[in-house]
Amino acid sequence: MSLAVSGIVSIRKAVPVMLKFSVGTVLSLMALTAAATFVITLSASEHAFNQKITQLDRLADKYERLDELDAKVREVFYQDVPDDDVLEGMLAGYVSGLGDKYSVYRSNEALTAYHDNTSGVYTGIGISIRQNNEGFAEIVDVTENSPAQKKGIEIGDVLLEVEGVSLKASYQEAINLIGGEVGTSVTLRIRKQDSNTEKKIALVRSQLDEITVQSAYLPDEQIGYIYISKFRSVTVSQFESARQDLLKQGAKAFIFDVRNNGGGVLSALERMTDPMLPEGELAFSYDRDGNANPILTSDAHFEQMPYVVLVNGNTASASELFACVLRDYADAVLVGEKTFGKGIMQATFDLSGGGVTLTTATYATGKTECYHEIGLEPDVPAIYDSEAEHDNQLAAAIETAKELMKKQDP
C-alpha cells in the first residue's frame, strides 16, 4: 500500500515541475524556434534564389549569343533590318526548335485564320476552283445557298476575271481578290459552260459554313452512308442532321467514311459520337508526367446498331479516335487500310501579338493503348484499287454492314 501511495505522490510532484518554466527559458525556446524557422526559410529561399540565378545565367548566355548575331547582321546586312519581321521569325523559330511538326507559332493574322478554319466558318462567295489548261479557273463546286449559287453560277462554268484582273495573265493576284470582308462586293467575269457566253456577275461576300459532311441512303441495303471530310465546329450539326435524316429514311446500319480525314476539333468529335456510345469516360489524355484526364465522355442515352468505319492511311488524329472509340465501345468494324497513327493532341494559346499551338499530351481510349506512330489496323483489310470501276473499299464496307445486320436479326 505504501508503495502505491508513494508512486502516486511521485507522479503528482512531477507534473508541476514540468509546467514551471521560467520566463527566460520560454523566451529562449521562442528564440530558438524563430532561429530554426529562419534557417529553414533562408535555406529554401537560397535554393530558389540559386535556381533563379541559374535561369538568369542561361538566359544571359542566350541573349548574349542573340545580341552578337544581331550586331553582326546590322553591321553587314545589305538592307535595313525589318525588326517586326525578325521578331516574328524569332518566335516562330523558337517553337520550330522544339522539333515537333505539330507545334507552331502564329502571328495575329495567322491565328485569326486558324480559328476560322477550325470553326468551319469562312467569308466568301461559295465556289471551289481549279486552274484549267487555258490558265483560267474551272468551277468544280458551288456551295448550297451561297452568293454564287444564288447568282446562277454552276459547276463547269469558267472564271475569267476578278475585279477586272485576268486569271490567265495574273492568276494568283486575281484569286486573292475574291476574298474580303462580309458585306463587301466583288465582280467576276464568268464564261457559262452551257452556252459559252460571257457575263459579269457582282456578288456580295457572306459568312458561309464549310460543308464537311455528305450523306446518301442505300435503300436496297437499308444502310446509311456518311462521309466526314474533317472535324470542325460546324461538323456536329451537319453530322447529326445527316444521321437523323438517314434514320428517318429507314437506315438499319451505318457506314462512316473517314478516309483522307486529317482530324480537327476534339470537342466536335465528342458531341458527334455521344449518341452512339454508352455512358462513361471513354478516352483520356496523358501529359508529360503521366497524369490522365478524360477527353471524351458519353451519357447513358445511345443508339446501338451495326456500324462500319472506312479508314485509310490518311485517316489521322480525331478521325482515328472516332474510329477507335466506335470500335471499342460500339462494336464498329473498321474496313480499309491501316490508319496514319497520330495519337497526340494540340492546344492553342493566345499570346500578345499572336498565339502558339503546342502538342500537350498523348491520348488513348480506355481499351486501346496510344497508337501514335503505330496506327490502327482494320478488321477487314481492303486495299484501294484506283483502276476499279467502282470504289472497292466502299463495296467491302457495304458487304461488312450487311453481314452485321444478318447477325443482328433474330
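Report follows, based on the coordinates. This one's a predicted model, so the numbers in the text were calculated from it and none came from an experiment.

**A few points about the environment of N314**
Then, in step 1: Relative to the elements of secondary structure, N314 occurs in the loop between strand 15 (307–311) and helix 9 (318–330).
Then, in step 2: Overall, the relative accessible area of 45% leaves N314 in the partly exposed class.
Then, in step 3: For the pair N314 and E337, spaced 23 residues apart in sequence, the C-alpha to C-alpha distance is 9.3 Å.

**Re the pairing of strand 12 (residues 253–257)**
Then, in step 1: For strand 12, the tally of buried residues reaches five of five residues, placing the bulk of the element in the interior.
Then, in step 2: The two faces of strand 12 match: A253, I255 and D257 on one face and F254 and F256 on the other face are all buried.
Then, in step 3: Both strand 11 (residues 223–228) and strand 12 contribute to a ladder of five bridges, which runs parallel. What sits directly across from Y225, in strand 12, is I255.
Then, in step 4: Note that the unit made of strand 11, helix 7 (residues 235–249) and strand 12 has a crossover that is right-handed.
Then, in step 5: Relative to strand 15, strand 12 runs parallel, the two sharing four bridges. Looking at the pairing, F256 lines up with V309 of strand 15.

**Thoughts on the packing of helix 7 against helix 8 (residues 266–273)**
Then, in step 1: Between helix 7 and helix 8, the shortest axis-to-axis distance is 9 Å and the interhelical angle comes to 20 degrees. Viewed along their axes, helix 7 and helix 8 adopt a mutual orientation that is roughly parallel. Once helix 7 is placed against helix 8, the crossing between them reads as right-handed. Touching T235, V236 and F239 of helix 7 are A268, R271 and M272, all from helix 8.
Then, in step 2: Partitioning the contact of helix 7 with helix 8 into residue classes produces four nonpolar, one polar and one charged.

**What to know about a nonpolar patch on the surface**
Then, in step 1: A surface patch of nonpolar side chains, amounting to about 610 Å² of accessible area, comprises Y63, L66, L69, V86, L87, M90 and L91.
Then, in step 2: Of all the elements in the fold, those that place two or more residues in the nonpolar patch are helix 2 (23–76) and helix 3 (83–96).
Then, in step 3: A total of four residues in the nonpolar patch trace back to one element, the largest contributor, which is helix 3.
Then, in step 4: Inspection of the secondary structure assignment puts L69 in helix 2.
Then, in step 5: Note on L69: relative accessible area 53%, which makes it exposed.

**Considering the sheet that holds strand 19 (residues 380–381)**
Then, in step 1: If you trace the six strands from one edge of the open sheet to the other, you get 10-11-12-15-16-19, paired in mixed fashion. The open sheet terminates on both sides in strands that have one partner only, identified here as strand 10 (213–218) and strand 19.
Then, in step 2: Helix 10 (residues 392–408) rests against strand 10, strand 11, strand 12, strand 15, strand 16 (333–336) and strand 19 of the sheet, and its axis sits at about 160 degrees to strand 15.

**Things to note about the nonpolar core**
Then, in step 1: Among the nonpolar cores identified, the biggest contains 43 residues, and I226, F256, V309, L321, F322 and L326 are the most heavily contacted of them.
Then, in step 2: Tallying contributions element by element places helix 9 first for this core, with nine residues.
Then, in step 3: Excluding residues that lie within four positions of it along the chain, L326 makes contacts with F256, M276, L277, V309, D331 and A332.
Then, in step 4: Formed by 23 residues, the second largest nonpolar core is a distinct cluster that contains I125, I139, V142 and V165.

What counts, and where the lines are drawn
Residues numbered from 1 in each chain as written. Predicted model: local features only at pLDDT ≥ 70, side-chain atom pairs only at ≥ 80, totals over all residues. Heavy atoms only, no water. Helix = DSSP H or I, 4+ residues; strand = E, 2+ residues; numbered from the N terminus. Buried < 20%, exposed > 50% of the residue type's maximum accessible area, 1.4 Å probe, protein only. Pairing = 2+ DSSP bridges. Right-handed = clockwise from strand over helix to strand, strands pointing away. Axes fitted to C-alpha atoms, helices over the stretch in contact; angles between N-to-C directions. Parallel < 35°, antiparallel > 145°, perpendicular 65-115°, else oblique. Left-handed = near helix turned anticlockwise from the far one by under 90°. Contact = heavy atoms within 4.5 Å. Nonpolar A, V, L, I, M, F, W, Y, C, P; charged D, E, K, R; others polar. Patch = residues over 30% accessible without salt bridge, like charges linked within 9 Å, V, L, I, M, F, W, Y side chains within 5 Å. Areas by Shrake-Rupley, 256 points an atom, 1.4 Å probe, with all protein chains shown as cover. Salt bridge = Lys/Arg side-chain N within 4 Å of Asp/Glu carboxyl O. Core = buried A, V, L, I, M, F, W, Y, C linked by side-chain atoms within 4.5 Å.

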